[in-house]
Every structure is written in structure tokens, then in C-alpha cells.
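Here is how the chains run, residue by residue.
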Amino acid sequence: MKLAVVGTGYVGLVTGTCFAETGNQVTCIDIDARKVEKMKSGIIPIYEPGLEELFLRNSAEGRLQFTTSLAEGIEGAEVIFLALPTPPGEDGSADLKYILGVAKDLGPLLKHYAVVIDKSTVPVGTAEKVREAIAANATVDFDVISNPEFLREGVAVEDFMKPDRVVIGTSSDKARAMMNKLYAPLVRQGNPIIFMDERSAEMTKYAANAFLAVKITFMNEIANLCERVGANVDDIRRGIGTDSRIGKRFLFAGIGYGGSCFPKDVQALHKTSEDYAYDFAILKSVMTVNEDQKTKLIPHVESYFGGDLKGKTIAVWGLAFKPYTDDIREAPALYNIRELLARGASVKAYDPEAMENVANLSDIGPKVTFTKDAYSALVDADALMIMTEWPQFRTPEFEKIETRLKNKVIFDGRNVYELDDMRERGYTYISVGREK
Ligand code: UGA
């Protein structure tokens, strides 16, 4: 099929590249001319494991093309994906200006029937608004459908190619048949395409992310209580995760969820509930608890140093909001670095992928010392904080830590070490939900 993808962020680029890989002819459209030039010359603008290989191969074989022109990009396209940003507006609701702007431009450019797909996470009722915006100037028949994306950064290619399910919201038989054809290669293992009305599809995406945010937050609260009653959250996780009704995944306590999706989507769903005069109480708690959770280790660091961090140097391992990404949006590490700097501490940081992004932040970038590897961050540092569970931090050479770090003290926001092991090694080791 011939496809167009408008917007080359994470979702757009993964969608375009993966559908090129399954044999479609794909044109990706972006207004950022520099980005488009880079992509044309084979430079992928995001770090995502496994994506570059597909990006290069499909570009080289001519199935994946790039342009800044909407008119050129959608020429002949049977399917047009809208994968545009929906940043939170001041009141927390998703801002639709990018999506509706493109929809308005699309109307006069459509020359034949096409299915226009909302791939971005958009509030209930957006498909209707997109339809109206296109229809205002369209001369041909078209459908607007909702097809939310459930991929995770860091495993995006795998999630896209082998989705647990594909959700399609439409009442059009023609669009439905085209979606069955387009997604057939991705659902060969029997994973379902679930058809529903478009409002339910839009809501499904928010419900999925909000549910996962609730799940994580619930465990974070259990962890906080474990610390008070003297229980171990890792044992609780194993104890409840084996119940198939609960499931093993997304039960890891830590310093809160971050990223571009959970915080934004929980806020947006809460705003939707307010718009419909519904008090979605659990979402309010999730937002508050997660905010507090991010910096919960700071008081421990402070008290270890007798209440004063002035003149102390803290090594920080991990800046990205999770491993296998360079994404630092809403990353707990940033909140912690801000708190440390505000208390007069210096910060030496290492992350395998995200250092450049933090260096570019005007408020903290110039104040943080970035090091070439994890151990260099420990030289002359008074303590180590672990903020992201990159695998290389899991089994470090402890001798190297000990010869560099001034004190044997680790504040671990991701529970990467075993308590007994750290006790045997003689560390002061503060983690989440495992201390009395
Ligand atoms: C999330 C969803 O998992 C995807 O299904 C969805 O498509 C995506 O948002 C989106 O809406 O685009 P993502 O933000 O890439 O994906 O990252 P996750 O792997 O879900 O992690 C989110 C945050 O939760 C991270 O900060 C992670 O550290 C935290 N987390 C995750 C925990 O604290 N504990 C866990 O057990 C799992």
C-alpha cells in the first residue's frame, strides 16, 4: 500500500519505518527541514534500538522517503497517519493545534479516497474534530479513524512488529478492510485486531496508560509503607505478581514513572473527567504520589550528610527516564539533580545515551559535570545515586566503586542490587521499599 506519515517523532518514525519494512511504500512528512535533510542523508533523529537498521535498509531500497511538503507526501497515499505532538496545555488537556492544523491543510490536498488515522494519543472526540477540519475544504470522500499506538520507547520496534493487540476505532467498512490488510503481517501470531467505535478507541489508549500508571503508583505506595512496617517490596511484588489476575509486569517500585506518555496522559484523562464533571479520584492521587516519589531519596541523602549537602559532590548514574532511551522528558533524575544543586551540592553524572540532552537543558546543563563512563563520575564523589536501571549498573565492579567513591554509600532509586549482597560488602545502601 502507499502510506503517508505526518510527523516523524517516536511514533511517526517507528510507524513509517516498520510499515516500510512490511513492504509498503511510505513517505514521512515533517515541517522541520533540517530533520528531513538529515533523514534523507541517512541520519536517524532518535535513538531507538533496532530502528536504525530498518530505517537505513528501507531508505536504501526506496520504500521509505522523506519530505517537508504535505502535498507531495500524501500524493497517491491510501492511508495517511497523523503522528503529531499533543503537548499538555496549561490546564493539562491535550493541545490539538498541530493535529487540527494539518487536518485543515489536508482537506484541499486530498485528490481521492484516503483513510486518515489518528495515531497520536488524543482525547475522546478528536476524530470528529479532525473529520470536521478536513471536511471544511475537502472535495473527495475520506474516513478518519482512531488507531492508538501502544509501543514503548526502547522496545518500540518489537512492540510495533508484534503488538499484543491492534485497536481500531471506526464505523466504516471500507476503512476496516484496509486496516485488516495493512496490519495483517503484524497479527499473524493470532494477536487480535480489536475493532470498536472511534470514541472507545481513543479512550482505550488513555485507559491503558492510566491503568499502568496506577499499577506502578500502587506499588510505590506499598513500597513506602514497606519501609515503615519493615517489609520488602520485592517480595511483595513476587508474592502478588504470580497471581495471574494481577500479572508480573509493571510492578516495580522506584522513584516514580516519567517519560513523555504516562505523566501527560494521566493529566489529560483527569482533565477529560473534569470536563465531564466526573471526579476521577484515583488519578488525582496518582499524580500527587508520583510527584512526591521522584525525590523521595533526597531527604535520605541529606540526613546521611548531617542535614547539609553544601560542598558535597554526588555522582548520578542514569539520566534517561528509563533504560534504552535518550529521552529525558519528566525523568526523575532531573528532579533529583535540581534538588541536589539547590542544596549546594555538585553533581557528576553519567548516562550511556542521555547526557547530551541534559547538557542542553539551560537550567541544569551547564552546572552538571558529565563523565565519559560510569566510574569516572565517582572520582572524588561523596555518594552515588542510581536513577535509571541501565543494565551496566546492575553488576558493576564494586572494587572500582570503592577506590573512587569517598564513602561506601549508595542511594538507589531503582532497586538494582540485592540487600544482602550490599550488606555483606559493607555499604550504606538506601533503596525503595526495602528498608525499615
Ligand atoms: C508507555 C506505555 O508503556 C506504552 O504502552 C505507550 O504506548 C507509551 O507510553 C505511549 O503512550 O506512547 P513508555 O513511556 O515508552 O511507554 O515507557 P514505559 O516502559 O511504559 O515506562 C514508563 C515509566 O514507568 C518509566 O519511567 C519507568 O521507569 C516506569 N516504570 C515502569 C516503573 O517505575 N515501574 C515499572 O514496573 C514499570
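Computed from a predicted structure; not experimentally measured. (Residues numbered from 1 in each chain as written. Predicted model: local features only at pLDDT ≥ 70, side-chain atom pairs only at ≥ 80, totals over all residues.)

(A) Geometry of the overall build of the protein. Looking only at helices and strands, one finds 17 helices and 14 strands in the protein. A compact globule built from 436 residues should have a C-alpha radius of gyration of about 22 Å, and the protein, at 24 Å, falls within 12% of that. Considered along the principal axes of its C-alpha atoms, the protein spans approximately 70 × 45 × 40 Å. Within the protein, the proportion of its 436 residues that are buried is 44%. Within the protein, residue pairs in contact and separated by at least 24 positions form 72% of the contacts whose partners lie at least 6 positions apart. (Helix = DSSP H or I, 4+ residues; strand = E, 2+ residues; numbered from the N terminus. Rg over C-alpha atoms; globule rule 2.2 N^0.38 Å. Buried ≥ 20, exposed ≤ 12 C-beta atoms within 10 Å, placed from the backbone. Contact = placed C-beta atoms within 7 Å.)

(B) The sheet that holds strand β12 (residues 383-386), seen in detail. Judged by pairing direction, the sheet is parallel, and its six strands sit side by side in the order β11-β10-β9-β12-β13-β14 without closing on themselves. Looking along the sheet, the strands with just one partner apiece sit at the ends: β11 (368-370) and β14 (428-430). The sheet shows a mean angle of 20 degrees between the axes of neighbouring strands, taken without regard to direction. (Pairing = 2+ DSSP bridges. Axes fitted to C-alpha atoms, helices over the stretch in contact; angles between N-to-C directions.)

(C) Summary view of the site of the ligand. By nearness alone, 20 residues border the ligand, and Glu-153, Phe-252, Tyr-257, Gly-259 and Cys-261 come closest of all. It is helix α9 (residues 198-229) that contributes the most residues to the shell around the ligand, three residues altogether. Among the residues making up the shell around the ligand, the classes are represented as 11 nonpolar, five polar and four charged. Taken together, domain 1 (2-196) and domain 2 (205-293) each give at least three residues to the shell around the ligand, which thus spans both. (Near = placed C-beta within 6 Å. Nonpolar A, V, L, I, M, F, W, Y, C, P; charged D, E, K, R; others polar. Domains from an automatic or database assignment.)

(D) The environment of Glu-291, seen in detail. Along the chain, Glu-291 turns up in helix α12 (residues 281-294). Judged by local crowding, Glu-291 falls into the exposed class, with 12 C-beta atoms found within 10 Å. Remark: the alpha-carbon pair of Glu-291 and Glu-435, spanning 144 residues in sequence, is separated by 21 Å.

(E) Region of interest: the UniProt feature "domain: UDP-glucose/GDP-mannose dehydrogenase C-terminal" (unreviewed entry) in the protein. Taken from the UniProt record, the annotation "domain: UDP-glucose/GDP-mannose dehydrogenase C-terminal" (unreviewed entry) applies to residues 315-419. Counting secondary structure, residues 315-419 comes out at 23% helix and 18% strand; the distance between its end C-alpha atoms is 21 Å. (UniProt positions renumbered as here; feature names shortened; annotations may be inferred.)

(F) Representation of unusual backbone geometry. Unusually for a residue other than glycine, Asp-380 sits at a positive phi of about 65 degrees. Looking at where Asp-380 falls in the secondary structure, it is placed in the loop between β11 and β12. Although it is not a glycine, Asn-415 sits at a positive phi angle of roughly 50 degrees. Following the sequence through the fold, Asn-415 ends up in the loop between β13 (409-412) and α17 (419-424).

(G) Representation of the UniProt feature "active site" (unreviewed entry) in the protein. UniProt's feature table lists "active site" (unreviewed entry) at Cys-261, given in the numbering used throughout. Within the secondary structure, Cys-261 sits in the loop between α10 (233-241) and α11 (262-275).

(H) Structural context of the environment of Arg-165. On the secondary structure map, Arg-165 appears in the loop between α7 (156-161) and β7 (166-169). Classification of Arg-165 by C-beta neighbours within 10 Å gives partly exposed; the count is 13. Between the C-alpha atoms of Arg-165 and Asp-327, which are 162 residues apart in sequence, the distance is 25 Å.

(I) Inspection of the pairing of β13 at higher detail. Pairing of β12 with β13, which is carried by three bridges, proceeds in the parallel orientation. Bridge pairing links Met-385 to Phe-411 in β13. The handedness of the β12 to β13 crossover, carried by helix α16 (residues 398-404), is right-handed. Bridge count for β13 against β14 is three bridges, and the pairing is parallel. Counted as the bridge partner of Val-409 is Thr-428 from β14. With α17 bridging β13 and the parallel β14, this β-α-β connection has right-handed handedness. (Right-handed = clockwise from strand over helix to strand, strands pointing away.)

(J) Geometry of the domain arrangement of the protein. Per the domain assignment, the segments making up the protein are domain 1 (2-196), domain 2 (205-293) and domain 3 (295-430). One C-alpha centre belongs to domain 2, the other to domain 3, and the line joining them spans 24 Å. The residue makeup of the side of domain 2 that touches domain 3, split by class, is three nonpolar, six polar and two charged.

(K) Main features of helix α3 (residues 51-60). Taken as a whole, α3 has its buried residues at Phe-55, Asn-58 and Ser-59. Viewed end-on, α3 has its buried residues packed into an arc of 100 degrees, placing them on one side of the element. On its buried face, α3 sits against α1 (10-21) and β3 (64-67). With its phi angle positive at about 80 degrees, Gly-62 sits one or two positions after the end of α3. (Arc of directions from axis to C-beta.)

(L) Representation of the packing of α9 against α12 within the structure. It is at 10 Å that the axes of α9 and α12 come closest, and there the two elements cross at 55 degrees. Classified by the interaxial angle, the pair formed by α9 and α12 is oblique. For the element pair α9 and α12, the recorded crossing hand is left-handed. In contact with Ala-210, Ala-213, Val-214, Thr-217, Asn-220 and Glu-221 of α9, α12 contributes Ile-282, Leu-283, Val-286, Val-289, Asn-290 and Gln-293. For the contact of α9 with α12, the residue count by class is seven nonpolar, four polar and one charged. (Parallel < 35°, antiparallel > 145°, perpendicular 65-115°, else oblique. Left-handed = near helix turned anticlockwise from the far one by under 90°.)

(M) View of the environment of Gly-23. On the secondary structure map, Gly-23 appears in the loop between α1 and β2 (25-29). With 10 C-beta atoms packed within 10 Å, Gly-23 lands in the exposed category. Between the C-alpha atom of Gly-23 and that of Asn-58, which follows or precedes it by 35 residues, the distance is 9.0 Å.

(N) Fine view of the confidence of the model for the protein. Mean pLDDT for the protein: 96, with 100% of residues reaching 70 or above. For this predicted complex, the interface score ipTM comes out at 0.95, alongside a pTM of 0.94. (pLDDT = per-residue confidence, 0-100.)

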